[in-house]
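# Residue-level structural notes
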Amino acid sequence: MKFRRLLAYMVVVASTATGMRAEDVQQVQQLWQRWSMKNNLIYDATLTPNLGIEYAIGPKTSAQLFFGLNPWTFSDNKKLRHWSLMPEWRRWLSEQPFKGWFWGVHLVGGEYNAGGVTLPFGLFKPLQHNRYEGWYGGGGLTLGHAWRLSDHWRLEAAIGMGYLHTRYHQYAAEVCGEDRGTGHYNYVGPTKLALNIAYVFGNKPELPPPPPATDSVRMIYCPQYQLAYITPQAEEEKTRQLSGRAFIDFVVDKTDIRPNYRGNAAELAKVMKTIDVVRLDTFATITHVNIHGYASPESPFQHNAYLAQARAEAFANYVQSLISLPKSIFTIDSTPEDWEGLYARLDSLMSSCPNSLKSLTAPALQAIIRDTAIEPDAKERQLKKRYPREWRLMLDSIFPALRHSDYEVFYTIRPFTVEEAARVIREKPQHLSLNEMFLVANTYEPGSQDYNDVFEVAVRMYPNNETANLNAAVISLGKNDLVAARHYLNKAGSSPEAQNARAVLAIRENRLGEAEQLLREIDLPQARHNLDELQQYLQSIE
């Protein structure tokens, strides 16, 4: 009720301030009237009790359900017993339902036991001398008009045209008349004729006294808040990197690479494909390649240290010979036994198979693996002796994956002009710095789709960068996407610009006290402007 009174008051204020006509105000009030109950006077003329209910389902649409029941037998040879059900959907041409012209679609169905009667307009002439018992169904289109008699009463006229199908049993009209068989009939013509008297439910809102004259009405201040971007700093050198992991198979105790041995051909092709992404890029220059070799923890530690280093060097030499890069840009390192990798794989086993014997033993195995007081060879002996079955399982299913060489390719991307950057951002946005993207954005109209797209690409390419997240948050606030703005602001840092954006988000979420306190703490022109705007708004609603 409070909301309805508030809306009513707003209507009166609007009518006073804008010159809205009294009948316009009345139309708004009538929107509260959603239900209508009605009776068809023409149907009453056939002594058929009937009742209809209509509900406004939208500003210009309504749904109606009409039911009629005639239980009477007028004489031994004359009856019009039947029931009828008619649902209908209506589209009103006026500003709200229950007034003016409308059109609609109706369905109709029911059962009957009728005979010895004469219907108007010469309809169903065989009823005069026969009795029919059966059912019917169909539908059609409706056209009608409703007149407003008072706040609650309406007069409504409607006609419908359509199709009916009926199946019946025919008898002579007299008492116990002869059975004349069964049949069916398809009818096209009037399917509805109504002159309804309707009562519309719902009270008009009680209007408070009208506000003072226009020149003394206090208007609510409409604040305009400002947001601030941060221009990203230009990178002195745009350094990028790619990384990968190669599982090269070596003959037992050998360190030379055999390209056709086991799965080496596929692994080496994968490595070359990764490096070629950079090597064949005309914008990129490879500056450094780092290769790190790993061996699995079986066999003596010193032997594994030799194998890990020698195999990493062999892998580096092989890659260097294929891509013709200077040997000086390669660095090689190794880990003799990948105990950390073994620990991680056991951890993964516990997560994927929590009820298996292997995973139940895994914590004990991990305790030995992580014990820094035990020398590597002593760890191996303990694991073999205390858990022989698990050790064999690890040899077969885990250790092969611990023999690998990780590689990283470092490269630089040359700087771009703004014109070049505008093209590159659509094809290889990872080549642009944040500063270059910002310069591209400034070539577009602020707030345009292209302008917004650039900042969204920037935060996608640099998801953890505070500046990229702040600028994306500003774009989201401009589009009133508060969920996205809150997400980006979580990673936007604590710069004055980010705090100002958080204050604007708080205002949008109606946390005005929090926003006011936050704005007081920010040393930024936009924040001082926003604080002044917020205070003017708060004063106007006191």
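Residues numbered from 1 in each chain as written. Predicted model: local features only at pLDDT ≥ 70, side-chain atom pairs only at ≥ 80, totals over all residues. Heavy atoms only, no water.

Below, the discussion takes up the side chain of asparagine 196. Within the secondary structure layout, asparagine 196 lies in strand 9 (residues 179-200). Judged by relative accessible area, asparagine 196 falls into the buried class, the value being 1%. (Helix = DSSP H or I, 4+ residues; strand = E, 2+ residues; numbered from the N terminus. Buried < 20%, exposed > 50% of the residue type's maximum accessible area, 1.4 Å probe, protein only.)

This part is about the pairing of strand 3 (residues 61-70). A regular strand places its side chains so that they alternate between the two faces of the sheet. In terms of strand pairing, strand 2 (residues 50-56) meets strand 3 through seven bridges, oriented antiparallel. If you follow glycine 52 over to strand 3, its bridge partner there is phenylalanine 66. Pairing of strand 3 with strand 5 (residues 78-92) involves ten bridges; the strand directions are antiparallel. Its bridge partner lying in strand 5, phenylalanine 66 is registered against methionine 86. (Pairing = 2+ DSSP bridges.)

For the rest of this paragraph, the subject is the packing of helix 17 (residues 512-520) against helix 18 (residues 525-540). Between two packed helices, both the angle of their axes relative to each other and the distance between the axes serve to describe the pair. Interhelical geometry of helix 17 versus helix 18 gives an angle of 145° and a closest axis separation of 9 Å. Crossing hand, helix 17 versus helix 18: left-handed. Packed against helix 17, whose contacting residues are Leu512, Ala515, Glu516, Leu519 and Arg520, the element helix 18 presents Ala527, Asn530, Leu531, Leu534, Gln535, Tyr537 and Leu538 at the interface. Among the residues forming the contact of helix 17 with helix 18, the class breakdown is eight nonpolar, two polar and two charged. (Axes fitted to C-alpha atoms, helices over the stretch in contact; angles between N-to-C directions. Left-handed = near helix turned anticlockwise from the far one by under 90°. Contact = heavy atoms within 4.5 Å. Nonpolar A, V, L, I, M, F, W, Y, C, P; charged D, E, K, R; others polar.)

Moving on, we come to the layout of surface pockets. Considered as a void within the structure, the second largest pocket measures approximately 410 Å³ in volume. The element best represented in the lining of the second largest pocket is helix 5 (residues 301-323), accounting for four residues. In terms of residue class, the lining of the second largest pocket is built from eight nonpolar, four polar and six charged. (1 Å grid on protein atoms, 1.4 Å probe; cavity = no way out; pocket = protein on both sides within 12 Å on 5 of 7 lines; lining within 4 Å. Points joined across faces, edges and corners; volume = space filled by probe spheres on them.)

This part covers the pattern of salt bridges. Applying the stated criterion to the full structure yields 24 salt bridges. Here glutamate 514 ties to arginine 511 by a salt bridge, and the two come within 2.6 Å at their closest N and O atoms. (Salt bridge = Lys/Arg side-chain N within 4 Å of Asp/Glu carboxyl O.)

Moving on, we get to the environment of tyrosine 462. Mapped onto the fold, tyrosine 462 is located in the loop between helix 13 (449-461) and helix 14 (466-478). The class of tyrosine 462 is buried, set by a relative accessible area of 19%. Separated by 28 residues in the primary sequence, tyrosine 462 and leucine 434 have C-alpha atoms spaced 8.1 Å apart. Once residues lying within four places of it in the same chain are set aside, the contact partners of tyrosine 462 are Glu235, Arg240, Leu432, Ser433, Leu434, Met437, Ala468 and Asn469.

Let us now look at empty space enclosed by the protein. Going through the model one piece at a time under the given rule, you end up with five cavities of 30 Å³ or more. For the largest cavity, the calculated volume is near 100 Å³. Taken together, 13 residues make up the lining of the largest cavity; nearest its centre are Phe250, Tyr294, Arg311, Arg403 and His404. Taken together, the elements giving at least two residues each to the lining of the largest cavity come down to strand 11 (284-294) and helix 5.

A few words now on helix 15 (residues 482-489). Within helix 15 the residues assigned to the buried category are Leu482, Ala484, Ala485, Tyr488 and Leu489. Looking down the long axis of helix 15, one finds its buried residues gathered within 160° of arc, a one-sided arrangement. Of the surrounding elements, those touching the buried residues of helix 15 are helix 13, helix 14 and helix 16 (496-508). (Arc of directions from axis to C-beta.)

Before going further, it helps to spend a moment on the sheet that holds strand 11. Taken together, the four strands give an open sheet; going across it, the order is 10-13-11-12, and neighbouring strands pair in mixed fashion. One side of each edge strand has no neighbouring strand; the edge strands of this open sheet are strand 10 (238-246) and strand 12 (330-335). Each neighbouring strand pair of the sheet contributes to a mean axis angle of 20°, computed without reference to strand direction. Two elements, strand 11 and strand 13 (residues 405-413), share nine bridges in a ladder whose sense is antiparallel. Bridge assignment links histidine 288 to a residue of strand 13, and that residue is phenylalanine 410. Against the sheet, helix 4 (residues 264-279) contacts strand 10, strand 11 and strand 13, and its axis sits at roughly 175° relative to strand 10.

Let us look at the packing of helix 4 against helix 5. Helix 5 packs onto helix 4 with a crossing angle of 50° between their chain directions and a minimal axis gap of 11 Å. For the element pair helix 4 / helix 5, the angle class is oblique. With respect to the hand of their crossing, helix 4 and helix 5 are arranged in right-handed fashion. In this structure, helix 4 contributes Leu268, Val271, Met272, Ile275 and Arg279 to the contact, and helix 5 contributes Phe315, Tyr318, Val319, Leu322 and Ile323. Taken together, the residues of the contact of helix 4 with helix 5 break down into nine nonpolar, no polar and one charged. (Parallel < 35°, antiparallel > 145°, perpendicular 65-115°, else oblique.)

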